Amino acid sequence: MQNIEKFEDFNISEKILKAINEMGFEAPSPIQLLSIPKLLEGKDLIGQAQTGTGKTCAFGIPMIEKINSKNYVQGLVLCPTRELSIQVTEELKKLSKYKKLEILPVYGGQSIERQINILKKHVDIVVGTPGRVIDHLERGTLKLDNLNFFVLDEMDEMLNMGFQEDVEKILSYCTNEKQIALFSATIPETIINLAKKYLKNPEIIKVVHKELTVPSIQQYYFQILEKDKTEVLCRLIDINDFKLSLVFCNKKVKVDELADSLANRGYQVGALHGDMKQSQREFILKKFRKGQIEILIATDVAARGLDINNVEAVFNYDIPYDEEYYVHRIGRTGRAGKTGIAYTFVVGKEIYKLKDIERYAKIKIPYKKVPSIQEIEESKLNKFVNKVIENIKNQDEYYEENKVLNILLSKNIQIKDICLYLIKKLLSFESSDYQEIDEIEPHFSSEKKSKNNKTRFFINLGRKDNITPYEIVNFISSNGNINPKKIGNIDIYDKFSFVDIYIDNENKLLEKIDGIKYKRKKIGFEVANIK
Ligand code: AMP
């Protein structure tokens, strides 16, 4: 087999390569390296991968490669949620930018007439939730007779949400020869059975990780919004006074953007990614080693094998999509017996990626609160005060300065006035560039500070079970032994519902409710991963 390292090594068209390049990806992720060749060969596939591993492109690239616009739907992606359908559609649209395929997301809650109108015109790939896809199939507004690429995305989630029957019904609508790719974070027995029934000799792929020793350096994570990442990075660098920091981004474009915005804020920065010539890279690295660059921003590929002493902090500006990368990245600090620190920025559902990393590396990464502007100003002040105290001890050295002071004193200028003027010159209080950020509640209860926290739970009871909000409240409060007043908003869908509960210990409630029966139905009850 050909040794694949770059996207150019895959047997894919220039149009797709151009699109991938614009998306800013430097190299295929591990799941892409394994899936893309198999899917290009036409094989059915079961891929064990979570969100955040690059799995959308793992099936999206071969799917787009294989589909050439005709007059019917050729590709279908089934996703458990509306959010995921939208996300997948966006990724596929970017990939097909130069092939100009029509990709339509279909999910409940959006006008069905609008979807019908578009389906009537021309659509190449449909991405949707099972309920709405069935609705279209039954109305005859979606035909899968000529389908040739079928993707089941986050299959375990679809099963958890009670979609198995629907998925099988959809599969029964497309009986013609087609390729099927199934992606799931876990592969329970039910998925194996389903695969046996519908997939032809599937290739089973899973990213296997090497056992790695995790360096013993301090590690923390911050839960923040994407828009606040740069601000948080600056605050952390400033408050800690890091002299050399290494910042990792997942995409080349991000590396360039971040380098520009940090340079605009006055930092000495360097960027390192695969688009740069070897000589350019060496030049940047030399400057970083000499300390002429204080912040080096890099992609994983560019930083491979990088060996620099004295890196005080590693920042995962983007959480890595592979657990192994995390360990490689943080190993760039704390070298040669020095202490180091690693900070990871987590946005929304990426918290689950962090939990994967913790599990893989057998470590606990504690949550940390972003330092406030006031804390940074205070730390700046303290540092200044300490520096003055330290230097006063060596006042013998100030021979010339003493002469100037004596002149000032001879002119009847007060010592306090002289000091205040000089402090103002040395410490600038006005020129702070800091911006306000939005505070995000940490996702996991043990990290939450306030007592009245709301958690969103998923329960596999919905309209089809003839359930009412009153019955849900009754069921949860009596079995979970909690006050009904603690139960807030309830959103009931066809097969499941979301329930907001004001509770401190989610695990206790999960233990009491998950797996018990409601009218002979086994209840699936879990913390919803959509906030
Ligand atoms: P997914 O697992 O498909 O949800 O992808 C997670 C994120 O990784 C998305 O923002 C993708 O655009 C991005 N991504 C996918 N493949 C790559 C890659 N090879 N390099 C960098 N980022 C990627």
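Placed above this text is the structure.
Residues numbered from 1 in each chain as written. Predicted model: local features only at pLDDT ≥ 70, side-chain atom pairs only at ≥ 80, totals over all residues. Heavy atoms only, no water.

### Here's the deal with the site of the ligand
Residues in close proximity to the ligand total 16 residues, the closest being Gln32, Gly52, Gly54, Thr56 and Glu91. Residue lysine 251 places a side-chain N or O atom 3.4 Å away from an oxygen atom belonging to the ligand. Residue tyrosine 321 places a side-chain N or O atom 3.4 Å away from a nitrogen atom belonging to the ligand. When the ligand sits alone it has 490 Å² of accessible area, and the protein chains cover 86% of it. Residues that form the shell around the ligand fall into these classes: five nonpolar, eight polar and three charged. Each of domain 1 (7-206) and domain 2 (218-361) accounts for three or more of the residues forming the shell around the ligand. (Near = heavy atom within 4 Å. Polar contact = N/O pair within 3.5 Å; in protein donor to acceptor, adjacent residues only side chain to side chain. Areas by Shrake-Rupley, 256 points an atom, 1.4 Å probe, with all protein chains shown as cover. Nonpolar A, V, L, I, M, F, W, Y, C, P; charged D, E, K, R; others polar. Domains from an automatic or database assignment.)

### Remarks on the side chain of asparagine 460
Mapped onto the fold, asparagine 460 is located in the loop between β14 (454-459) and α19 (469-480). Of note is the side chain of asparagine 460, whose polar atom sits 3.2 Å from the backbone oxygen of lysine 522. (Helix = DSSP H or I, 4+ residues; strand = E, 2+ residues; numbered from the N terminus.)

### Details of unusual backbone geometry
Phi is positive for lysine 362, which is not a glycine, with a value near 50 degrees. Counting through the fold element by element, lysine 362 comes out in the loop between α15 (351-361) and α16 (373-392). Taking the relative accessible area as the measure of exposure, lysine 362 reaches 65% and is therefore exposed. The phi dihedral of asparagine 466 is positive, around 55 degrees, even though this residue is not glycine. Looking at the element boundaries, asparagine 466 is found in the loop between β14 and α19. Since its relative accessible area comes to 63%, asparagine 466 is described here as exposed. (Buried < 20%, exposed > 50% of the residue type's maximum accessible area, 1.4 Å probe, protein only.)

### Some words on the sheet that holds β14
Read from one edge of the open sheet, four strands run β15-β16-β14-β19, paired in antiparallel fashion. Because the sheet does not close on itself, it has two edges, and the strands there are β15 (487-492) and β19 (525-527). Within this sheet the neighbouring strands show an average axis-to-axis angle of 25 degrees, counted without direction. With six bridges connecting them, β14 and strand β16 (residues 497-502) associate as antiparallel partners. Opposite lysine 454, over in β16, you have tyrosine 502 as the bridge partner. Running over the sheet, α19 touches β14, β15, β16 and β19 and is turned about 130 degrees from β15. (Pairing = 2+ DSSP bridges. Axes fitted to C-alpha atoms, helices over the stretch in contact; angles between N-to-C directions. Contact = heavy atoms within 4.5 Å.)

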